[in-house]
Amino acid sequence: MRKPIIAGNWKLNNNIQESVDLVTLLKRELTDLTGVDIVVCPVSTALSVVQDLLLESNIDVGAQNVYWEDSGAFTGEVSAPLLKDLGVKYCIIGHSERRQYFGETNETVNKRIKAALKHDLIPIVCVGEVLEERESGKAFDVISKQCEESLAGLTEEEAKKLVIAYEPVWAIGTGKTATPEQAQEVHKFIRDFLRKTFSDAVADGVCIQYGGSVKPDNIAELISQEDIDGALVGGASLKSEAFIEIVKQSSNSTQVTRNGI
Ligand code: 13P
């Protein structure tokens, strides 16, 4: 029912040549896949060249952040209409690294989501707890607050357009993945939140990705969980072979579920 989305978050990696090389390989190997939506999120200096290379392909492009004002005296920022102007389709919002290093809060995440939606960009909204919150049994409180405050004031129609990424901070770049059961538990919690806050249609339609040390050898088990609809991949998205393998396995898993086998 929900088509999985595999998105590569390249973070602050890959210059223009490296981006071109990576995308050229992805385009060649992933061209025939239809069971999965594929997204790459390069650094902002490579967005234009990557977008041009992927025109008319089955791979979409996302930015890693967006400012909430359209234009004006906001040195260093990039706005939603400018991303739209480039042809970008998605935008990661509220990644834990932005929360940790750049002062991102649920309130600023909320403003960015509204700006993205206003200009027809699909927000990939990141939520997730840090290790001490999980260990002290507060993970669900934290995620509930992040969802409530980040999605405050959205209409049902707007909420239908979201992608949510659950990224436990303790699993990002650590090689330590949440178990499929741990991830599924949180994904279901987020889906229940969407059902309670918006509607069945929102809860049943929104893709909830998992992120945190996703690799070719753990994607199949993660994506086989009922409420896990794809992945936001960091480190492994920088290696063509690993990312291609993750995408292919996700596409196969959809075909299997769709056929009810
Ligand atoms: P890793 O896959 O490197 O753990 O990063 C996950 C992430 O932060 C994706 O946004």
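One can find the structure itself at the top, above this paragraph.
Remember, it's a predicted structure, so these values are computed and weren't measured experimentally.

S.K.: Explain the pattern of salt bridges here, please?
M.R.: As a working rule, side chains carrying opposite charge can pair if their charged atoms are close by. Per the stated rule, a full pass over the model turns up 17 salt bridges. Between Glu 29 and Arg 28 there is a salt bridge, with the nearest N and O atoms lying 3.7 Å from each other. Judged by its relative accessible area of 36%, Glu 29 falls in the partly exposed class. For Arg 28, a relative accessible area of 59% translates into the label exposed. Between Asp 204 and Arg 195 there is a salt bridge, with its nearest N and O atoms 2.9 Å apart. Since its relative accessible area comes to 31%, Arg 195 is described here as partly exposed. When salt bridges with common partners are traced through the structure, they connect Arg 2, Arg 191, Asp 227 and Asp 229 into a single cluster.

S.K.: I'm lost on the nonpolar core in this one. Help?
M.R.: Soluble globular proteins tend to bury their nonpolar side chains together. Core analysis: the largest hydrophobic core is formed by 66 residues, its most contacted members being Ile 6, Val 40, Ile 113, Leu 151, Ile 190, Leu 194 and Tyr 210. Those residues in contact with Tyr 210 that sit more than four places away from it in its chain are Tyr 166, Pro 168, Ala 171, Thr 177, Ala 178, Ala 183, His 187, Leu 222, Ile 228, Gly 230, Ala 231 and Leu 232. Within the second largest apolar cluster, 13 residues are counted, among which are Tyr 90, Ile 124, Ala 165 and Cys 207.

S.K.: Help me understand the site of the ligand, please; the structure alone is not making it clear to me.
M.R.: By nearness alone, every residue bordering the ligand is listed as Asn 9, Lys 11, His 95, Glu 167, Ala 171, Ile 172, Gly 173, Gly 212, Ser 213, Leu 232, Gly 234 and Gly 235. At a separation of 2.8 Å, an oxygen atom of the ligand approaches a polar side-chain atom of Lys 11. Gly 235 is positioned such that a nitrogen or oxygen atom in its backbone is 2.8 Å from an oxygen atom of the ligand. For the ligand, whose free accessible area comes to 310 Å², the fraction covered by protein is 94%. Looking at side-chain class alone, the shell around the ligand contains three nonpolar, seven polar and two charged residues.

S.K.: What am I meant to see in the side chain of Gln 225 here?
M.R.: With respect to the helices and strands, Gln 225 occurs in the loop between α11 (219-223) and β8 (230-233). Not counting residues within four places of it along the chain, the set of residues in contact with Gln 225 comprises Pro 180 and Gln 184.

S.K.: For this particular structure, what's the right way to read the pairing of strand β6 (residues 163-166)?
M.R.: Two faces belong to every sheet, and in a regular strand the side chains alternate between them. The alternating pattern of β6 places Val 163 and Ala 165 on one face and Ile 164 and Tyr 166 on the opposite face, and all of these are buried. Relative to β6, strand β5 (residues 122-127) runs parallel, the two being bridged by four bridges. Bridge pairing links Val 127 to Tyr 166 in β6. Note: β6 against strand β7 (residues 207-211), four bridges, orientation parallel.

S.K.: What is the right way to look at the packing of helix α5 (residues 106-118) against helix α7 (residues 139-150) in this model?
M.R.: Angle between the axes and distance between the axes are the two parameters that describe a pair of packed helices. Direction vectors running N to C along α5 and α7 enclose 45°, while the axes themselves pass 8 Å from each other. With respect to α7, the axis of α5 lies oblique. Once α5 is placed against α7, the crossing between them reads as right-handed. Residues Asn 106, Val 109, Asn 110 and Ile 113 of α5 lie in contact with α7, whose contacting residues are Lys 145, Gln 146, Glu 149 and Ser 150. Partitioned by chemical class, the residues of the contact of α5 with α7 number two nonpolar, four polar and two charged.

So, how was this worked out
- Residues numbered from 1 in each chain as written.
- Predicted model: local features only at pLDDT ≥ 70, side-chain atom pairs only at ≥ 80, totals over all residues.
- Heavy atoms only, no water.
- Salt bridge = Lys/Arg side-chain N within 4 Å of Asp/Glu carboxyl O.
- Buried < 20%, exposed > 50% of the residue type's maximum accessible area, 1.4 Å probe, protein only.
- Core = buried A, V, L, I, M, F, W, Y, C linked by side-chain atoms within 4.5 Å.
- Contact = heavy atoms within 4.5 Å.
- Near = heavy atom within 4 Å.
- Polar contact = N/O pair within 3.5 Å; in protein donor to acceptor, adjacent residues only side chain to side chain.
- Areas by Shrake-Rupley, 256 points an atom, 1.4 Å probe, with all protein chains shown as cover.
- Nonpolar A, V, L, I, M, F, W, Y, C, P; charged D, E, K, R; others polar.
- Helix = DSSP H or I, 4+ residues; strand = E, 2+ residues; numbered from the N terminus.
- Pairing = 2+ DSSP bridges.
- Axes fitted to C-alpha atoms, helices over the stretch in contact; angles between N-to-C directions.
- Parallel < 35°, antiparallel > 145°, perpendicular 65-115°, else oblique.
- Left-handed = near helix turned anticlockwise from the far one by under 90°.

Coordinates in, geometry out; function isn't part of it.
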